[in-house]
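What the coordinates show
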Amino acid sequence: MPFFMMVCTDKPGALELRKTTREAHLAYVRDTGCVVQAGPLLDNAGEMAGSLIVLDLPDMDSATAWGMNDPYAKAGLFADVRLQEWKKVIG
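This report concerns the structure included in the present document. (Residues numbered from 1 in each chain as written. Predicted model: local features only at pLDDT ≥ 70, side-chain atom pairs only at ≥ 80, totals over all residues. Heavy atoms only, no water.)

This brings us to the packing of aromatic side chains. Scanning all chains against the criterion turns up three aromatic pairs. With 4.8 Å between their ring centres and 35° between their planes, Tyr-28 and Trp-66 make a pair best called tilted. A residue pair is termed long-range when its members are at least 10 positions apart, and Tyr-28 in helix H1 (residues 15–32) and Trp-66 in helix H2 (residues 60–69) qualify at 38 residues. This pair shows no difference in class: Tyr-28 is buried, exactly as Trp-66 is. (Phe/Tyr/Trp six-rings, centres within 6.5 Å; stacked < 30°, edge-to-face > 60°. Helix = DSSP H or I, 4+ residues; strand = E, 2+ residues; numbered from the N terminus. Buried < 20%, exposed > 50% of the residue type's maximum accessible area, 1.4 Å probe, protein only.)

Spelled out as structure tokens, the structure:
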């Protein structure tokens, strides 16, 4: 299956929203089983300010659907989401 990279930028001032939806997001990641790597992007103060997620899914439609069903997305956390197919070369 191909890999898809999601780079998500939080809305300004949304740290508390991220924190309150984090457990639901982590459960979704765990339960869907298609996340290869993931972690928060950090701002200059070292606070969570976005997400980088690598998905192992069959196609762009599946990756888009996964992203739309993420509790973070459903809560309106993100100001911007970039989804693109990614080719693993190292690692």
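Okay, the pattern of salt bridges next. Under the criterion given, the structure shown has three salt bridges. Taking the shortest distance from any N to any O, the salt bridge between Asp-10 and Arg-18 comes out at 2.7 Å. Judged on exposure class, the residue Asp-10 and its partner Arg-18 are both buried. Across the pair Asp-31 and Arg-30 runs a salt bridge whose closest N-O atoms are separated by 3.3 Å. In this structure, Asp-31 and Arg-30 share a single accessibility class: exposed. (Salt bridge = Lys/Arg side-chain N within 4 Å of Asp/Glu carboxyl O.)

Attention now moves to the nonpolar core. Of all hydrophobic cores here, the largest spans 15 residues; its most connected members are Met-6, Leu-55, Leu-57 and Trp-66. Elements that contribute at least two residues to this core include exactly strand S1 (3–10), H1, strand S3 (48–56) and H2. Of the residues forming this core, the biggest block, three residues, is contributed by S1. In this structure, Leu-57 is in contact with Met-1, Pro-2, Phe-4, Cys-34, Ser-62, Ala-63 and Trp-66, ignoring residues within four places of it in sequence. (Core = buried A, V, L, I, M, F, W, Y, C linked by side-chain atoms within 4.5 Å. Contact = heavy atoms within 4.5 Å.)

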